[in-house]
Amino acid sequence: MVSDQDLLKCSTKHSDPAIFSETYSLALLEKVKSERVKQALTQWIEEIRDWTSAKACFVGHIKVFVEGQENLWLSSTGRSISSQQSQGWSEWFLDRATLCVTVIVFGTTKEALKETVEESLKTCFNTSLPNMIKGF
Amino acid sequence: MNILLFGGFLGSGKTSVILQVARYLTAELSALQLDSGKPSLVIIENEVGETGIDDKILKAEGLNVRELIAGCICCTLNAELTVCLNKIQEELSPEWVIIETTGMAFPHTIAETITKYGKGIDSLKTIVVADAERWDDLSTIMPGLIEEQIAQANVILLNKIDCLEPEQVSQVAEDIKRINSSGHFYSISAQAEVDPQIWRKVVTNGE
């Protein structure tokens, strides 16, 4: 099977970006206000953005989609973070949801990106929702 | 079928634009087809990465979306796109099909394939979304890709103009028109609601 890295290389004839793309089942010990999940994910995007900036990498895009009874969509190109949400998002209390993330960065390796993204995601959730994460 | 083929670099705002165009098409142009039971609009999503996100955003809006994942339709999934498109024509025969390419694709390459092998196509328009906020960076870092995406577009949407001063927007507009002087050009900010008259011009021929 051809990897995403190879695909982009062949399609662009330009640089070779690192791609991280993953789906998580987010499980919490009790129901929390959706805004706390948004806060954790916003912090995570900021950390990725700071990491790419410190490493002089170029962000293709960072995208997050929280899928459940309500939905949240966050995206950034390494500058501001744009946010859209379904109508009832702000009033939603959740204990589980599906979390989809895709990060595309030029100037780093797939391994370095994966390590940073996963580590940072855990840290941000543990900071924003301490002792609340049952599983990822 | 009328096909709107969307291109533009990663993060330029293609999905935000498509959401608004889809709402416009559904509300304004296809009311007559609603009784047929068939969707008047189908969207084909091509994304980089194993996890599709744009397709979920569009589906959450109630739109009819087909995904082509784990490949790029301007190279490795070229044949799959034609098969998918022809299947949509046979099964649904929608009035409109929107195709969202990956941010690294060359839309004109895809347009050539569709023109050659697609069935039941009444019109095909290539629409490229350009990122005003990152124009300077992208022009420096990957000028070849950006210019090639824009050069043969029928329509260019300069997005995120809210991130720049008016004189900066004018400068970017000049740069773009130097690359493609014949395409219809519109400056927008898809973060907010765009004037439906712009969408009318984009999906028709600028009349």
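For the structure, check the block above.
So, here is what we can say about the structure in this document. Treat the numbers as computed from the prediction; the structure is a model and nothing was measured.

When helices and strands are counted, chain B shows 8 helices and 7 strands. Computed over the C-alpha atoms, the radius of gyration of chain B is 16 Å, within 12% of the 17 Å expected from 2.2 N^0.38 for a compact globule of 207 residues. Across its three principal directions, the C-alpha atoms of chain B cover 50 × 35 × 30 Å. Here chain B holds 207 residues, and 57% of them are scored as buried. Between the averaged position of the 16 positive side-chain charges in chain B and that of its 30 negative side-chain charges there is a distance of 5 Å.

Another aspect to go through is the interface of chain A and chain B. Taken together, the contacts link 34 residues of chain A with 35 residues of chain B. Along the contact surface separating chain A from chain B lie 2 salt bridges. Sorting the residues of the side of chain A that touches chain B by element identifies helix H1 (4–12), strand S1 (18–33), strand S2 (58–67), strand S3 (71–76), strand S4 (81–85) and strand S5 (93–106) of chain A as the ones contributing at least two each. The element best represented in the side of chain A that touches chain B is S2(A), accounting for 8 residues. Classifying every residue of the side of chain A that touches chain B gives 14 nonpolar, 14 polar and 6 charged.

Let us look at the side chain of Asn71(A). Structurally, Asn71(A) is set in strand S3. Separated by 3.5 Å, the side chain of Asn71(A) and the backbone nitrogen of Gly68(A) make a polar contact. Not counting the four nearest positions on each side in its chain, Asn71(A) is found in contact with Phe65(A), Val66(A), Gln84(A), Gln85(A), Ser86(A), Trp89(A) and Ala60(B).

Now for the packing of aromatic side chains. Residues and elements named next belong to chain A. Following the criterion strictly, the structure yields 3 aromatic pairs over all chains and no others. Arranged with centres 6.3 Å apart and planes meeting at 50 degrees, the rings of Phe 58 and Phe 106 form a pair that is tilted. Taken together, the residues Phe 58 in strand S2 and Phe 106 in strand S5 connect sequence positions 48 residues apart. Across the pair, Phe 106 and Phe 58 agree in class, each one buried.

All right, on to unusual backbone geometry then. Residue and element names in this part refer to chain B. A positive phi angle, close to 40 degrees, is found at Ser 93, a residue other than glycine. Mapped onto the elements, Ser 93 comes out in the loop between helix H3 (78–91) and strand S4 (96–100). Since its relative accessible area comes to 37%, Ser 93 is described here as partly exposed. With a phi close to 65 degrees, Lys 160 is a non-glycine residue in the positive phi region. Inspection of the secondary structure puts Lys 160 in the loop between strand S6 (155–159) and helix H7 (166–179). A residue is classified by how much of its surface remains accessible, and Lys 160, at 15% relative accessible area, is buried.

What follows concerns the packing of helix H2 (residues 34–54) of chain A against helix H3 (residues 110–128) of chain A. Residue and element names in this part refer to chain A. For the pair H2 and H3, the least separation of the axes is 9 Å and the interaxial angle reads 145 degrees. Note that H2 runs across H3; the crossing there is right-handed. Taking contact as the criterion, the partners of Arg 36, Val 37, Gln 39, Ala 40, Leu 41, Gln 43, Trp 44, Glu 47, Ile 48 and Trp 51 in H2 are, on H3, Ala 112, Leu 113, Thr 116, Val 117, Ser 120, Leu 121, Cys 124, Phe 125, Thr 127 and Ser 128. Within the contact of H2 with H3, the residues separate by chemical class into 12 nonpolar, 6 polar and 2 charged.

What follows concerns the pairing of S4(B). All names here are of chain B. Within S4, 5 of the 5 residues are buried, which leaves the element mostly enclosed by the surrounding structure. Burial along S4 is two-sided: Trp 96, Ile 98 and Glu 100 facing one way and Val 97 and Ile 99 facing the other are all buried. Pairing between strand S1 (residues 2–7) and S4: 5 bridges, direction parallel. Opposite Ile 3, over in S4, you have Val 97 as the bridge partner. Pairing analysis gives 5 bridges linking strand S2 (residues 41–47) to S4, with the strands arranged parallel. Bridging across to S4, Val 42 finds its partner in Val 97.

Okay, the environment of Gln149(B) next. Residue and element names in this part refer to chain B. Summarising the element assignment, Gln 149 is placed in helix H6 (residues 143–151). Given the relative accessible area of 3%, Gln 149 is considered buried. When sequence neighbours within four positions are dropped, the list of residues in contact with Gln 149 reads Gly 8, Phe 9, Gly 103, Met 104, Ala 105, Pro 107 and Val 128. One polar contact links the side chain of Gln 149 to the main-chain carbonyl oxygen of Gly 103, over a distance of 3.0 Å.

Criteria and thresholds
Residues numbered from 1 in each chain as written. Chains lettered and ligands numbered in written order. Predicted model: local features only at pLDDT ≥ 70, side-chain atom pairs only at ≥ 80, totals over all residues. Heavy atoms only, no water. Helix = DSSP H or I, 4+ residues; strand = E, 2+ residues; numbered from the N terminus. Rg over C-alpha atoms; globule rule 2.2 N^0.38 Å. Buried < 20%, exposed > 50% of the residue type's maximum accessible area, 1.4 Å probe, protein only. Lys, Arg positive; Asp, Glu negative; His and termini not counted. Charge placed at Lys NZ, Arg CZ, Asp CG, Glu CD. Contact = heavy atoms within 4.5 Å. Salt bridge = Lys/Arg side-chain N within 4 Å of Asp/Glu carboxyl O. Nonpolar A, V, L, I, M, F, W, Y, C, P; charged D, E, K, R; others polar. Polar contact = N/O pair within 3.5 Å; in protein donor to acceptor, adjacent residues only side chain to side chain. Phe/Tyr/Trp six-rings, centres within 6.5 Å; stacked < 30°, edge-to-face > 60°. Axes fitted to C-alpha atoms, helices over the stretch in contact; angles between N-to-C directions. Left-handed = near helix turned anticlockwise from the far one by under 90°. Pairing = 2+ DSSP bridges.

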